[in-house]
Amino acid sequence: MKKFFVLENPTLSHYLNRKQPEKDQHGSPIEIFPFGFNLSQKKGVDEAFSHPLSIIEGPPGTGKTQTILNIIANAVMKHQSVAVVSSNNAATKNVFDKLDCSGLSFIAALLGNSEKKKEFLESQAEIPDLSGWTLTAEEAHSLQESNTLLFAQLSEKLELKNELALLKLHIENVETEYRHFTSAMATSADLRFKKNISSGQLLSLWITIEDYEAFGKKLNWWRKLTFPFLYGVRDKTFYERSYRELIRAVQAAYYTVKISELMLRKAQLESALQDFSFGEKMKTYTEVSMQLFKHALHQKYQEKKRPQYTAWDLHLNAEEFISDYPVILSTAYSLRRSLDKKVVYDFVIIDECSQVDLATGVLALSCAKKVVIVGDLKQLSNVVDDDTKLKTDLIFQAYRLSEAYRYSRHSLLSSVTGLFPGIPKTLLREHYRCHPRIIDFCNRKFYHNQLIILSEAQTGREPLLVYRTVAGNHARDRMNRRQIDVIVEEIIPQQKLETADLGIVTPYRNQTSALQQAFQGTSVKADTVDKFQGRENGVIILSTVDNEISGFTDHPNRLNVAVSRARDQLIVVVNGNENEKDSNISDLIRYIGYQNFTVVDSQLHSVFDYLYKGYEEKKRELLSGQKQKSVFDSENLMHLLIREVLSQDEFSKYDVVLHLSFLFKLMLGDF
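Not measured: the values here are computed from a predicted model. (Residues numbered from 1 in each chain as written. Predicted model: local features only at pLDDT ≥ 70, side-chain atom pairs only at ≥ 80, totals over all residues. Heavy atoms only, no water.)

### Points about helix H10 (residues 243-276)
Counted at 1.5 Å a residue, the expected span for H10 with its 34 residues is 50 Å, and the 49 Å between its end C-alpha atoms agrees. Backbone geometry just after H10 places Ser277 at a positive phi near 60°. (Helix = DSSP H or I, 4+ residues; strand = E, 2+ residues; numbered from the N terminus. Expected span 1.5 Å × (residues − 1).)

What follows is the structure in structure tokens.
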């Protein structure tokens, strides 16, 4: 029975037998994108329709949902069924909501477990009036032809738009580098070069002079003769200067010329896009694509009256149901039980696939003719508890399975990637969500500079800041009260976040509980980084908690998720302890400093800060001349603090009585 089941589902059979599916030779490029498109999304949709199994890698803010919606639209226009699944209902509900915004939710059914199916059955929607969506054959043909031409033009201009985005970031990076150069180097007098000198020539000259200096060479007569021709040198004093002076002068000239060249190309690209009216034409194309999609839906549903389906119909009349609701939304675990178990969908799109474990992923594969896996290996994967890890590893070892099938280490996304290195993969490169400087860190650190940053600053907020607490052992049991105090008493008032769209993320549940208690009754959202995956806020505060950054906090996927939750501003809260160890968090702090953003040293202090090992001298100074009340420094500091408070007029009627030291130890412990 199991053998028959696998053979009836070729996608699952390919997965279990480690046989990469072959390309569908009958597939043709897609030209209708009712939800808009960019070059990466276009490629991802094309691959989905031309291959039985494909992967769409979707870094944060790159339009994964938009890509899924375009696959849905084209599949439905081809009279095909689509199931969209995820590890949770939030991702699929997002797809449903986007369909609803376009008046298209009537084609989709939110199913899944028994409760979800009951909710759907109790709120079935009628087919809306689609009479306004109809087109004559001539109108449809004319729109199709004009849109095909516009699609080709837009695809060409998108190349320029991407080049412009990369160029803007490159200019900012070169300007930042130049600022650091001028602040660190005292440049000598300018050198004169020919007017049309290029940055490439100057860079070559720069390297040549460094080479001469390194090997102790001299500028002989031959070099003096050839340098004017090779490098455009027009200054007689060039040969009288030291190599160090020459290098600094050439570097300064290089940066000036390089920035000028980049600015010229930027102006050319902006002019070309403005002359084309790119924004208006993309809007026209998207509207016409949607018009053609809605016309297809009118043809499908015209004069059709939708019955009220029962729970029995979902199993006994599943084919009729899918014809009526060609888009099924469910969790990966519940898809096979949503309708009759024999149902096989033309497409199964598995969203947030890095969070889908192998067992539930296989259930989804068993329902599909074609599978599109959507996810990001640079974000957090599903969590396997220790007990499950132990049990599944025993099974893995007993059957000597391939590493890609190890349940405890792999999500469905990493498993498929490992099994099929040559599978069609599309990286969604164009990023639209975060402030350019926020996502630029993720791009450099985690995505090897493959992203194209098309987002722009939306507010006047400084995009990146660091707040450092005073040095000390503030973290206890994965909770850091001092960082919470810094957030409440310094960050929120200083950065004017009282009415901001604010989220606070942290690696640990204990800190999350303390934060949620501190902000109870407010609109501030506080949660672990893991729970925040898939969400976003205008401002994100990252509370790192640790006295010394742990591997858990510093995990690259966790940091990538934390940083990319922020649209406009990211504020990182760290302990001010000296730490020379390299880490991802320290790279983030260095990046923020290099970009000339603010690093704030907190002014919140406590007398117990003096117990930290870095404050021995200050502690001795504070306690010197004081009669020692205890053998424990923590109790002596507490006594000193109480005496200071009682010295104030409003507390003068009170006094302090010393009790057994173990009471203080029970309350405070010896730091």
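Additional details are given in the paragraphs that follow.
### Overview of the packing of helix H19 (residues 481-494) against helix H20 (residues 509-518)
Relative orientation of the contacting elements H19 and H20 amounts to 35°, with a least axis distance of 10 Å. H19 and H20 meet at a crossing whose hand is right-handed. Together, Gln483, Ile484 and Ile487 of H19 and Gln511, Ala514, Leu515 and Ala518 of H20 make up the contact between the two elements. Taken together, the residues of the contact of H19 with H20 break down into five nonpolar, two polar and no charged. (Axes fitted to C-alpha atoms, helices over the stretch in contact; angles between N-to-C directions. Left-handed = near helix turned anticlockwise from the far one by under 90°. Contact = heavy atoms within 4.5 Å. Nonpolar A, V, L, I, M, F, W, Y, C, P; charged D, E, K, R; others polar.)

### Quick word on the environment of Lys42
Tracing the sequence through the fold places Lys42 in helix H3 (residues 39-50). By relative accessible area, which is 23% here, Lys42 ends up partly exposed. In sequence terms Lys42 and Ile71 are 29 residues apart; their C-alpha atoms lie 9.9 Å from each other. Contacts of Lys42, omitting those with residues within four sequence positions, involve Phe33, Phe37, Phe151 and Ser155. (Buried < 20%, exposed > 50% of the residue type's maximum accessible area, 1.4 Å probe, protein only.)

### A word on the packing of aromatic side chains
With the rule as written, the count across this model stands at 27 aromatic pairs. Between the aromatic rings of Phe37 and Phe151, the centroid separation amounts to 5.0 Å while the plane-to-plane angle is 40°, which identifies the pairing as tilted. Taken together, the residues span a long stretch of sequence, with Phe37 in the loop between helix H2 (10-16) and H3 and Phe151 in helix H7 (residues 137-184) at a distance of 114 residues. According to the relative accessible area criterion, Phe37 is buried, its value standing at 5%. Counting every residue linked through ring pairs, the aromatic cluster contains Tyr178, Phe181, Trp206, Tyr254 and Tyr255. Stacked on the ring of Tyr325, the Lys or Arg Arg306 has its end atom at 3.8 Å from the ring centre. Sitting over the face of the ring of Phe532, Arg535 holds its NZ or CZ atom 4.0 Å from the ring centroid. (Phe/Tyr/Trp six-rings, centres within 6.5 Å; stacked < 30°, edge-to-face > 60°. Lys NZ or Arg CZ within 6 Å of the ring centre and 35° of its normal.)

### Concerning the pattern of salt bridges
Across all of its chains, the model carries 31 salt bridges by this definition. Salt-bridge contacts for Asp393 lead to Lys389; the nearest nitrogen and oxygen are separated by 3.1 Å. Highlighted residues: Asp393 and Lys389, both in helix H16 (residues 386-399), separated by four residues, approximately one helical turn. Linking Asp501 and Lys525 is a salt bridge whose minimum nitrogen-to-oxygen distance equals 3.8 Å. Taken together, the residues span a long stretch of sequence, with Asp501 in the loop between H19 and strand S13 (502-506) and Lys525 in strand S14 (residues 525-528) at a distance of 24 residues. Accessibility expressed as a relative area gives 31% for Asp501, which makes it partly exposed. What emerges from the salt-bridge pattern is a single network uniting Lys389, Asp393, Glu403, Arg406 and Arg409. (Salt bridge = Lys/Arg side-chain N within 4 Å of Asp/Glu carboxyl O.)

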